[in-house]
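Chain by chain, the residues run as shown.
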Amino acid sequence: MMKLMMAGAFATVAAAVFVTAAAAQDSANIGEQGLQTEPMELVIDDEKMMTRVKAPADSPFTELISGWEFRNPGTRKMELDDFDNPAFIWVEQGEELWSTVDGTEGKSCATCHEDASDSMKGVRAAFPKWDEAKGKPQAMEHQVNECRTERMGADAWKWESDQMLGMTAYVGLQSRGMPVQVEIDGPMQEWWQRGKDLYYQRVGQLDMSCANCHEDNYGKMIRADRLSQGQINGFPTYRLKWQKIGSLHRRFKGCMQNIRAVGYKRGSDEFTALELYVASRGQGLSVETPAVRQ
Amino acid sequence: MIPRMVWIASACIAAGVTAASAEVVAPDKVMMEDMTVGKSLSGQAGNPDEGRKVFASRKLGNCLACHANADLKNELFHGQVGPPLDGVADRWEEPQLRAILVDSKKVFGGQSIMPSFYRIINDQRTQEKFHNKTILTAEQIEDIIAYLKTLKE
């Protein structure tokens with residue numbers, strides 16, 4: 001593990017330097033929406049990710065575009081090869097935890113779910129999911145903690161802990177390349193609407209909604225950042241700025257913070273509803289977990 | 001660029017009147033008519049050099065986040081969300097610029113992404129430390145207006 005961490009740290013520093021250099025030249029190449037630059041395609045392990053898909057008729061977009069398309073060459077390249085992707089430090093940790101016995105029941109995830117590459121295939125693509133017993137949708141983090149506390153007799157992991165990030169990255173990886181496909185009908189409808197309301201609501205002293213930036217202005221520079229559509233197909237995501245992997249709800253919080261609003265709590269009903277709604281805006285994009293962003 | 005004499009003159013005015021800042025127009029007392037605000041918010045003329053700083057500062061106006069401005073080309077990263085402000089003084093009169101800065105939505109419509117720099121917003125999950133505060137002070141807005149008036153083509 002130690003050796004791996006070291007290698008990861010070096011890779012990160014090297015990548016950060018590379019990215020800074022690349023950022024300087026990126027303004028030369030502005031495409032109509034995304035950045036037109038090499039590498040043009042996201043192919044990981046010979047599998048091509050769908051980073052652009054035609055939007056359905058009821059979408060506010062004409063084309064759904066992954067956040068990868070808006071990043072500069074250095075950041076794009078880091079996602080192409082798992083050896084260059086610093087998120088894999090956490091993935092390895094998640095893989096280890098998968099078969100580590102924990103809690104009063106003497107069980108590990110593998111005790112019930114066996115081989116993750118089988119049992120967890122497609123799971124990320126469909127979250128958040130309706131939970132009948134709880135009567136509300138669950139993010140993957142909720143589900144993992146449900147299994148830990150209710151089935152293993154183990155303590156819940158903190159939302160932003162390395163264990164939770166590692167596990168959600170590892171489980172998410174099993175769906176990489178599969179199209180995002182969340183359920184929004186039935187009891188989810190009401191939650192979807194709640195998420196949508198949050199998305200279009202202006203907040204903070206700067207008085208902006210998510211849509212002001214990610215719907216009305218994607219493709220444009222906002223100071224040093226190129227705005228994307230704010231798609232969530234890559235979470236948890238390694239962020240160069242954070243120098244670590246982070247949860248989606250951390251990202252939501254950060255965006256709200258920047259406009260001088262108080263974010264909701266990670267795992268709150270509000271963020272789960274928002275997650276559901278934003279996921280639905282990216283139906284059909286490939287799961288990229290764990291993605292790399294600037 | 002503004003002639004040096006004018007700059008010195010306005011700096012003197014600024015220094016002289018600061019003590020008696022009673023003339024500041026409170027955010028809820030701003031009179032906007034036909035998308036114009038005629039009266040100086042601070043009761044005095046702004047200082048264009050200060051305005052240039054406020055314009056560029058990430059913590060204050062952060063106007064460069066959204067607007068390119070050739071006069072500040074030595075600053076890295078100009079945004080593209082709003083139109084470039086080169087020559088903005090040829091397009092808008094001072095009372096219009098003041099209205100745009102006070103409450104952009106009243107000029108551009110409710111969909112605008114541009115913040116309202118002189119409006120108090122406490123009830124939108126606003127962080128506590130920004131309660132009862134406008135993004136910019138009356139003086140800073142007047143400084144920015146004085147600066148924008150130097151941007152002619």
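Calculation notes
Residues numbered from 1 in each chain as written. Chains lettered and ligands numbered in written order. Predicted model: local features only at pLDDT ≥ 70, side-chain atom pairs only at ≥ 80, totals over all residues. Heavy atoms only, no water. Helix = DSSP H or I, 4+ residues; strand = E, 2+ residues; numbered from the N terminus. Buried < 20%, exposed > 50% of the residue type's maximum accessible area, 1.4 Å probe, protein only. Contact = heavy atoms within 4.5 Å. Areas by Shrake-Rupley, 256 points an atom, 1.4 Å probe, with all protein chains shown as cover. Lys, Arg positive; Asp, Glu negative; His and termini not counted. Salt bridge = Lys/Arg side-chain N within 4 Å of Asp/Glu carboxyl O. Polar contact = N/O pair within 3.5 Å; in protein donor to acceptor, adjacent residues only side chain to side chain. Core = buried A, V, L, I, M, F, W, Y, C linked by side-chain atoms within 4.5 Å. Domains from an automatic or database assignment. Buried area = accessible area lost by both parts, 1.4 Å probe. Nonpolar A, V, L, I, M, F, W, Y, C, P; charged D, E, K, R; others polar. Arc of directions from axis to C-beta.

1. Some details on the overall build of chain A
Helix and strand counts for chain A stand at 11 helices and 11 strands. Taking all 294 residues of chain A together, the buried fraction comes to 56%. In chain A, once contacts between residues fewer than 6 apart in sequence are set aside, the share between residues at least 24 apart is 69%. Of the roughly 13,100 Å² of accessible surface on chain A, a fraction of 53% belongs to carbon and sulfur atoms.

2. Thoughts on the side chain of A:Arg71
All names here are of chain A. Within the element layout of this structure, Arg-71 appears in the loop between strand 4 (63-65) and helix 2 (73-80). Summary of buried charges: Arg-71 has no salt-bridge partner, and the nearest side chain of opposite charge, Asp-225, is 4.9 Å away. From its side chain, Arg-71 meets the backbone oxygen of Arg-226 in a polar contact 3.0 Å long. Arg-71 has contacts with Leu-35, Thr-37, Arg-76, Arg-226, Ser-228, Arg-293 and Gln-294, leaving out every residue within four places of it along the chain.

3. Focus: the nonpolar core
Buried together is how nonpolar side chains tend to be arranged in soluble globular proteins. Membership of the largest hydrophobic core comes to 61 residues, with the highest contact counts inside it found for B:Leu41, B:Phe55, B:Leu101, B:Ile141 and B:Leu148. Of all the elements, helix 11 (residues 269-280) of chain A adds the most residues to this core, at seven residues. If sequence neighbours within four positions are ignored, B:Leu101 has contacts with B:Met114, B:Ser116, B:Phe117, B:Tyr118, B:Ile141, B:Ile144, B:Ile145 and B:Leu148. Judged by nonpolar contacts, the second largest core, of 27 residues, contains A:Ile89, A:Val91, A:Tyr170 and A:Leu173.

4. Some details on the domain arrangement of chain A
Residue and element names in this part refer to chain A. Splitting chain A by domain gives domain 1 (2-86 + 179-293) and domain 2 (89-173). Each partner contributes residues to the interface: domain 1 has 31 residues there, and domain 2 has 25 residues. Contact between domain 1 and domain 2 buries roughly 2,300 Å² in total, counting both sides, with carbon and sulfur atoms accounting for 69%. Viewed at the interface, domain 2 and domain 1 are joined by four salt bridges. One salt bridge connects Arg-266 with Glu-160, and the closest N-O pair in it is separated by 2.8 Å. If you look at where domain 1 meets domain 2, you find eight residue pairs in polar contact (both at pLDDT 80 or more). Secondary-structure elements contributing two or more residues to the side of domain 1 that touches domain 2 are helix 1 (2-26), helix 8 (188-200), strand 10 (244-246), helix 10 (248-258) and helix 11. A per-element tally of the side of domain 1 that touches domain 2 places helix 11 first, with five residues. In terms of residue class, the side of domain 1 that touches domain 2 is built from 17 nonpolar, nine polar and five charged.

5. Some points on the environment of A:Met221
The topology assignment puts A:Met221 in strand 7 (residues 221-222). With a relative accessible area of 9%, A:Met221 lands in the buried category. Distance from A:Met221 to A:Ser66, taken between C-alpha atoms, is 16 Å for residues 155 residues apart in sequence. For A:Met221, the contacting residues outside a window of four places in its chain are A:Arg226, B:Ala65, B:His78, B:Gly79, B:Gln80 and B:Val81.

6. Details of the interface of chain B and chain A
On the chain A side, the residues contacting the 31 residues of chain B number 26 residues. Both faces combined, the contact of chain B with chain A buries some 2,400 Å², and carbon together with sulfur accounts for 49% of it. By the criterion of area lost to chain A, the three top residues of chain B are B:Gln80, B:Ile113 and B:Arg125, representing 29% of everything that side buries. Here chain B and chain A share three salt bridges between them. Linking B:Glu75 and A:Arg223 is a salt bridge whose minimum nitrogen-to-oxygen distance equals 3.6 Å. Where chain B packs against chain A, one counts 18 residue pairs in polar contact (both at pLDDT 80 or more). Classifying every residue of the side of chain B that touches chain A by side-chain character gives 12 nonpolar, 12 polar and seven charged.

7. Some thoughts on helix 10 of chain A
Residue and element names in this part refer to chain A. Buried within helix 10 we find Leu-248, His-249, Phe-252 and Met-256. One face of helix 10 carries all of its buried residues, which in axial projection span an arc of 100°. Tucked into the core, helix 10 has its buried residues touching strand 10 and helix 11. Looking one or two places after helix 10, you find Arg-260, whose phi comes out positive at around 65°.

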